[in-house]
Amino acid sequence: MYSSAYVWAKILINLEERLGAVTVSSWFDDAEVIELNDENLILYSPSDFRREIIRLRCTDYIQTALKEIFNSDAKLLVFDENEKQNFLNRGKNNTVMDFAPQFSFDNFVVGPSNRFAHSAAIAVSNNPGQVYNPLFIYGPAGLGKTHLLYAIANSIRKKNPDAKIVYIKGDQFTNELIASLQSGRNVEFRTKYREADLFLIDDIQFIAGKESTQEEFFHTFNNLYEQRKQIVMTSDRKPSDMLTLEDRLKTRFEWGLLADIQPPDYETRMAILKNKASNLGLDLSDDVCNYIAINVTNNVRQIEGTVKKILAYRDLTDMPLDLPNISRAIDDMFKAEGNSVPTPSLIISQVCKFYNVDEVTLRGTNRSKGTADARHVAIYLIRQLTNMSLPDIGKEFNRDHSTILNSIRKIEKGLKSGNNSLSDNIRDITANINSQL
């Protein structure tokens, strides 16, 4: 029986051959396999737009790949956040969260760049609510912040199976708050978070600039802190660098302990690489490991992606895993530091998260002020951060180049007039985009 990670890695390689690597990266970079069984392959994607793209354009490709490679008749299902949680919590008390057991302190590779954060996380798991509350872990994407969150949860759950553990991402907290207000279930929303024994919030930077979300989070934070309940947050930057975060929240985030995680050094990258390869049953020579560790320097996620591509290369080509073959197989994954350019999809998704606008709506014809402002910012940032022409940008939004130029000029006019709020928003969104590269 193949693991879901193995199956998905091979399907992605198959899709790249059919659709191209750039297309697959744009549509599937945040997709996650929830379950693979005889009947269904269940994917989760947080983006409404990408879910629709996957369902409409990729279902046949994926199901064909399952049939051709694994002789499986499994059907593709693509879940949103609520569907994912309902599936994972089926038959369980909805106050109990489950965390992947592979995320533990034991298999977190420790080095100089993350030792302080790792030690702080262990201390919190041993004495929740007593030391370092809140614990605020920050650093670029893909370095293991979420791994530490899950490790804390798994450690506390092992010691106290009845502990109420709640995990949420910053943008999802906003979405849940809006949904609760629309449905009149705000009391249930508050109870869910304010009765937690352990409150974990990932990517807290996404609540910055959202007035109602910050107000709700402020009271949730105070309630939990006063009850000596443990709060752990992660972010891609320290609180003082969140330009649109309220000062009262910045102060509270700094009450406990700030712990940063930096990109791993060479020795740590080597250890991570060998650990990932061993877990996937790959036997890589020292010269191959050295080649990868020298070239893949950005983050742990990139190292893991490289190992998975090598696994697929071995299984699909049956070629020896020597240095010449490996270098040819993975050279396209190496990005020169500072030269990476965000895709329009990445820019749009980050703008949508910041303004809490659906991607389909942003690309559509809705002209409400909130949507229009977000659209103007997205168009401006695509022009600033990519090499795309005005007509090409227009294709992303089904608009002509003159409309695109008008949007860019509106943002430029606002920035020149000294609109500090607009300037701060663009800085925060740009930082969010850069953290995903």
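First, a word on what this report is: a plain description of the structure on this page.

Cut-off values and rules
Residues numbered from 1 in each chain as written. Predicted model: local features only at pLDDT ≥ 70, side-chain atom pairs only at ≥ 80, totals over all residues. Heavy atoms only, no water. Helix = DSSP H or I, 4+ residues; strand = E, 2+ residues; numbered from the N terminus. Buried < 20%, exposed > 50% of the residue type's maximum accessible area, 1.4 Å probe, protein only. Core = buried A, V, L, I, M, F, W, Y, C linked by side-chain atoms within 4.5 Å. Contact = heavy atoms within 4.5 Å. Salt bridge = Lys/Arg side-chain N within 4 Å of Asp/Glu carboxyl O.

## Things to note about unusual backbone geometry
Residue Asn133 is joined to Pro134 through a cis peptide bond whose omega torsion reads 0 degrees. Positive phi, close to 55 degrees, is recorded for Asp203, a residue that is not glycine. Residue placement: Asp203 occurs in the loop between β6 (198–202) and α9 (211–226). Despite not being glycine, Arg228 shows a phi value in the positive range, around 60 degrees. In this structure, Arg228 sits in the loop between α9 and β7 (230–235). Judged by relative accessible area, Arg228 falls into the partly exposed class, the value being 48%.

## Examining the nonpolar core
With 46 residues, the main nonpolar core has Trp8, Ile11, Phe28, Leu41 and Ile62 as its most contacted residues. If one sorts the elements of this core by residue count, helix α3 (residues 48–70) sits on top with 8 residues. Every residue in contact with Leu41, bar those within four places of it in the chain, is listed here: Trp8, Ile11, Val33, Glu35, Leu36, Ile62, Leu66, Ala74, Lys75, Leu76 and Leu77. Of all hydrophobic cores here, the second largest spans 26 residues; its members include Val351, Phe354, Ala374 and Met388.

## Here we look at the pattern of salt bridges
In total, this model carries 22 salt bridges according to the counting rule given. A salt bridge links Asp197 to Lys229, with the nearest nitrogen and oxygen atoms 3.1 Å apart. Here Asp197 is found in the loop between α8 (186–194) and β6, whereas its partner Lys229 is found in the loop between α9 and β7, with 32 residues between them in sequence. What makes Lys229 partly exposed here is its relative accessible area of 23%. With a closest N to O distance of 3.3 Å, Arg237 and Asp428 form a salt bridge.

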